[in-house]
Structures are given as C-alpha cells and as structure tokens.
Amino acid sequence: MRFGLFIPQGWRLDLAGIAPEDHWSTMLSLLHRAENQAAGEAVPGGGFAWESAWVYDHFHTVPLPTQEATHEAWTLMAAFAAASQRVRLGQMCTCMAYREPTYLAKVASTVDAISGGRTEMGIGAGWYEHEWRAYGYGFPTAGERLRALDEGVQIMANMWRTGTSGTFDGERYQVDGARCHPQPLQRLPVGDDGAEVPSIPLWIAGGGEKKTLRIAAQHAQYTNFAGDPEGFTHKSSVLRGHCDDLGRDFGRITRSANYNVVIGETEKEVADRLGWIEDHLRRWAPERADREIDGWRNSYLSGTPEQIAEKLHGLEKLGMTYAITYFLEAAWDQSGIELFEKQVIPELQ
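Residues numbered from 1 in each chain as written. Predicted model: local features only at pLDDT ≥ 70, side-chain atom pairs only at ≥ 80, totals over all residues. Heavy atoms only, no water.

**Q** How would you explain the environment of T164 if you had to name every residue and give the values?
**A** Locating T164 in the fold gives a position in the loop between α5 (142-162) and β6 (167-169). With 27 residues separating them in the primary sequence, T164 and Y137 have C-alpha atoms 26 Å apart. In contact with T164, other than residues within four places in its own chain, are N158, M159, G177, A178 and R179. A distance of 3.2 Å separates a polar atom in the side chain of T164 from the backbone nitrogen of G166. In terms of polar contacts, T164 uses its side chain to reach the backbone carbonyl oxygen of A178, at 3.4 Å. (Helix = DSSP H or I, 4+ residues; strand = E, 2+ residues; numbered from the N terminus. Contact = heavy atoms within 4.5 Å. Polar contact = N/O pair within 3.5 Å; in protein donor to acceptor, adjacent residues only side chain to side chain.)

**Q** Describe in detail α5, supporting the description with residues and values.
**A** For α5, with 21 residues, the first-to-last C-alpha span of 30 Å sits near the 30 Å given by 1.5 Å per residue. Residues R145, L146, A148, L149, E151, G152, V153, I155, M156, A157, M159 and W160 constitute the buried set of α5. Positive backbone phi, approximately 85°, marks G163, located one or two places after α5. (Expected span 1.5 Å × (residues − 1). Buried < 20%, exposed > 50% of the residue type's maximum accessible area, 1.4 Å probe, protein only.)

**Q** Quick one: what's the story with the layout of surface pockets, residue by residue and with numbers?
**A** Its boundaries defined by the atoms lining it, the largest pocket holds a volume of some 1100 Å³. What lines the largest pocket is a set of 40 residues, among which W11, R12, Y56, W127 and N258 lie closest to the centre. Elements that contribute at least two residues to the lining of the largest pocket include exactly α5, β12 (254-263) and α9 (289-297). Ranked by the residues each element gives to the lining of the largest pocket, the list is headed by α9, at four residues. Reported here for the second largest pocket is a volume of approximately 420 Å³. The wall of the second largest pocket is formed by 19 residues, among which P189, V190, Q221, R248 and R252 lie closest to the centre. Contributing elements (two or more residues each) for the lining of the second largest pocket: α5, β8 (187-190) and α6 (212-219). (1 Å grid on protein atoms, 1.4 Å probe; cavity = no way out; pocket = protein on both sides within 12 Å on 5 of 7 lines; lining within 4 Å. Points joined across faces, edges and corners; volume = space filled by probe spheres on them.)

**Q** Would you mind going over the nonpolar core in detail, with residue names and values included?
**A** Counting 81 residues, the largest nonpolar core has W50, M121, I123, M156, L312 and F340 as the members making the most contacts within it. With eight residues, α5 is the single largest residue contributor to this core. If you look at the next biggest cluster of nonpolar residues, it comprises 22 residues, including W11, A205, V270 and I293. (Core = buried A, V, L, I, M, F, W, Y, C linked by side-chain atoms within 4.5 Å.)

This is the structure:
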C-alpha cells in the first residue's frame, strides 16, 4: 500500500490559533517531514513512509465559513514544488470549474516542470455552494458541474499530450488552439500499444455512480471515493461495470481513499487525542462542533496502530491500495503522524 499525507492549510480549521506569519513555516515543516521520509528515513528496512503530500482546493473554511485562513491550493503546489525534491504533490481535489481547463492545464504543467515531474492532478466537479457563490461562480446544477468535469479533463489531457488544445466545441467549454508549453515532464502510457506521452496522472475524485465513475473509467489513472469496506466495495463494482462497458482495463486504475486518522498507543491515548479534537472544534466551530465531533469519533481509522493496520489490511484485500491520511492536530502535534509512520506503514509495505 502507498500513503499520502495531507498538509494543514487552514481549510479544516487546522491552522486556527496559529499566528498568520507562522502558517507557511508550519506547512513547510510538515512538507519537509513527508519529503525526508519519502527518502526512506522513517520506515525500518529502508522503505519510505509518504509517497505524496496533499492539499485541498477550497477558499472558505469548513464546517462553516469563518475569517480563518484557507491557503490557495495551486499557489501552495508551486511553492511545495520549489521547496521539495522527492515527495509527489497533489490536491484532493481541484474543482474543475474554479479555473478554465486550458489555464489549469498550463498551471499544472508548469508545476510539473518546477517539481521535476512530481505533480498529481486530483480533479472533481465541486460541491461547496457557499464558496462557489461567494466567488462569483454561481452554483450550476450537478449535471452542469459534471459536464464541466467531463469536458475539462478531455481538454487538459489533450493539451498535456500534444501541447495544444486543438479545437474543442463542447457544451460547457469551447477552445481553439490553446498552447501548453512546457508540456509535463512526466510520461504516461496511453492506448493499447502502451506508447508513452507527456501527461500528468489524473485522479478523478467522487463516487457519483452514473457520471463521475464513468468519467473515471474513461480518463483516470486513479480514483478516490468511499473508504469504508462496504462503500469501497460497492463503488469499485460500479467502476468495474463502467470499465467493462467502455472496454477499459479495470486493473489499470489505482483506487484510493481519504482517511481521518485518530491514533494512539493505547485506547486512553486515542481518547485523549479525540478530546483534543473536540476542544479544538468547540473553540473554532461551536455552531457545528457536535456533528464534526461525531464524525471524528466514528472515523474508520481511529484506534491503536494494531487496530488501524488490521483495517488497512482488510481494505487492501478489497483493492484499496493508496491511502491519503489527514491528522487534524498535525500543526501542533506530530506524535500521531510519527506513530503511524513507525507502527502502521511498515505493516502495509
């Protein structure tokens, strides 16, 4: 199994209480943690801990908009690219309609050049209505947002592979001759002959069964959907059905999931960490704290290292081979991350 680490950027109130002038150094320290351990410094036997570091693509905090900072995803991607050398860099996930696909393809390709070919493109249809409307995007219907996702990934993939958008006359997007130079440094196999072309891996995020998973079956190298065994098994079955309909090899798509992690050496340590999370959420999001706290208490990856490793082994047998993890307390306390690195990850590699 492979592992990614979310870097706190403020969206989930994970920088609330830290002075704004210290935000970047906080994020950078966690990026460097992932970077150093991508070089094999954490896992016994010389393996790596984190393959990738991730951010969210949002503008306003959750569970409700506040005055607390939310740092912009692609600005961070460029900064992370310049500040690291080994760890791969992604966003889970970019909202397709927040940026024109021609522009987004160019941005991602530039970040790929800065990073030396380490960019992952998480992409989805978007859902956070408050920030859509606040930023002047309106809030299109789900069908219209999914149409933008479908057409947008086609445009981006073509620009990366050929260096130009060509002429694309879709229902949502119409483009003609947009250039994309530099093309990505990465090369991915396409077609039945496996010929490699410049491109960036596409992570199609979301579990919509009629549209999103069909788009993933057509275009994705990775998917990202429900992480519990029942939900993951069902979504995987739907994805396989779309692959069969489209003639796509289901086995060529890596299936990933995101996890909120609450870890402790003992049950008491797990309870203490949940207590910190509860106090933090009641301070910074009192209107929504109860619901958020329930979510954390019911997190699938909550427990001791042995319990969490057992759950991940079960998920791996179902085909979930890439876990992207989130630790709410990471900006203040990295002991949970360290415990995960030393006692969970080695059991899965």
